[in-house]
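Working through the structure, step by step
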Amino acid sequence: MVNKYKLSTTSALVLLWSEAQTYPSKPCAEYFARLDLTEGEELLHGCNSFWKDYDQVIKNRKYRIHKELYNFVNNATTLPQVVIFGAGMNPLCLEVQSHFSDIKIYEVEIHQDSINIKRELIHEISTHPQNISLVCEDVANKDGVYNALLSSGWDPNKQTIVIVEGISYYAEEKSLWKALSLFKSKDRSNRIMFEYLLNDECIAKDRLYIPNGVFGLITTVCHIDFVTRYDRQKILKHLKKLNGQVLSFSNMKQIELERTGKNKFFPLDDSGWIEVCLARL
Ligand SMILES: C[S@@+](CC[C@H](N)C(=O)[O-])C[C@H]1O[C@@H](n2cnc3c(N)ncnc32)[C@H](O)[C@@H]1O
């Protein structure tokens with residue numbers, strides 16, 4: 001019998017929500033088969049008690065991020081670099097690599113334990129493990145991120161797409177955007193995919209109890225003492241400072257329609273609380 005890695009409550013939670021179907025490649029199937037997600041089940045049930053369809057939010061956001069990432073890589077003249085902030089146990093690196101074997105991926109994660117498990121699995125599963133670098137750093141520490149990426153081989157002069165998913169709510173706004181300024185390019189050839197939690201004012205009143213319940217529970221269980229929230233104006237303001245340019249804002253209604261062909265869970269523009277912004281940087 002193969003040894004399975006038991007993940008912590010929070011690392012297991014997103015994987016339970018996203019399910020293996022979000023990562024259809026063979027390496028990701030092998031990756032999922034090596035993980036024991038049971039620690040996350042209690043928190044999953046706690047979160048789902050606020051809204052039993054919460055997995056739809058995670059599947060939608062991942063659908064958008066994966067689609068835009070593949071579009072960008074497919075249309076680039078040479079393979080761009082991929083930087084993933086707060087990657088945790090997300091197997092996106094293996095999924096991307098299964099499509100573009102030579103692509104260079106750099107993950108920035110604060111928890112060394114997750115990195116250790118992921119590194120072992122990547123070495124077992126990936127055909128090109130040397131193309132995936134896992135660095136242990138706080139995404140809100142600009143100098144730390146820069147030095148760690150450089151020493152892992154990231155080239156600031158080469159085209160890069162940076163993915164900020166599942167992390168903006170747990171990072172202090174000013175420091176996070178300072179770190180994101182590292183990806184500013186002269187010709188705006190870089191991209192940022194920024195996923196964020198909306199302010200209460202942007203969310204339908206009859207839905208507010210869901211994000212507030214779920215984030216309230218997660219922050220209690222994980223001892224997180226703040227949650228950073230955004231609206232489109234705030235994102236525009238940060239991007240302007242970096243000479244960035246928004247290519248799209250996607251809400252749950254738009255993504256659900258595109259992903260499933262109908263609006264079952266998100267009938268209105270303000271039915272959701274999570275959005276994804278794609279911008280040039
Ligand atoms: C909710 S998980 C999201 C994982 C993945 N990005 C996804 O969306 O599937 C958040 C991850 O960010 C990491 N994290 C939290 N704060 C961080 C920070 N300041 N710097 C780097 N990583 C951080 C956590 O350890 C965890 O692995």
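Here, the structure is the one placed above.
Now for a quick tour of the structure. Because the structure is predicted, anything quoted here is derived from the model rather than measured.

1. A word on the packing of helix α2 (residues 26-33) against helix α5 (residues 92-99)
At a closest axis distance of 8 Å, the pairing of α2 and α5 adopts a crossing angle of 155 degrees. Between α2 and α5, the angle is such that the two are roughly antiparallel. By crossing handedness, the relation of α2 to α5 is classed as right-handed. Packed against α2, whose contacting residues are Lys26, Pro27, Cys28 and Tyr31, the element α5 presents Leu94, Glu95 and Ser98 at the interface. Residue composition of the contact of α2 with α5, grouped by class: 4 nonpolar, 1 polar and 2 charged.

2. Examining the site of the ligand
Residues in contact with the ligand amount to 18 residues; listed here are only the nearest, Gly86, Gly88, Asn90, Ile110 and Gly166. Looking at side-chain class alone, the shell around the ligand contains 9 nonpolar, 6 polar and 3 charged residues.

3. Looking at unusual backbone geometry
Although it is not a glycine, Arg188 adopts a positive phi angle of roughly 50 degrees. Looking at where Arg188 falls in the secondary structure, it is placed in the loop between α8 (173-180) and β7 (191-197). Look at Arg188 and you get partly exposed, because 14 C-beta atoms sit within 10 Å. Of note, the phi angle at His223 is positive, near 55 degrees, even though the residue is not glycine. Structurally, His223 is set in the loop between α9 (209-221) and α10 (232-241).

What counts and what doesn't
Residues numbered from 1 in each chain as written. Predicted model: local features only at pLDDT ≥ 70, side-chain atom pairs only at ≥ 80, totals over all residues. Axes fitted to C-alpha atoms, helices over the stretch in contact; angles between N-to-C directions. Helix = DSSP H or I, 4+ residues; strand = E, 2+ residues; numbered from the N terminus. Parallel < 35°, antiparallel > 145°, perpendicular 65-115°, else oblique. Left-handed = near helix turned anticlockwise from the far one by under 90°. Contact = placed C-beta atoms within 7 Å. Nonpolar A, V, L, I, M, F, W, Y, C, P; charged D, E, K, R; others polar. Near = placed C-beta within 6 Å. Buried ≥ 20, exposed ≤ 12 C-beta atoms within 10 Å, placed from the backbone.

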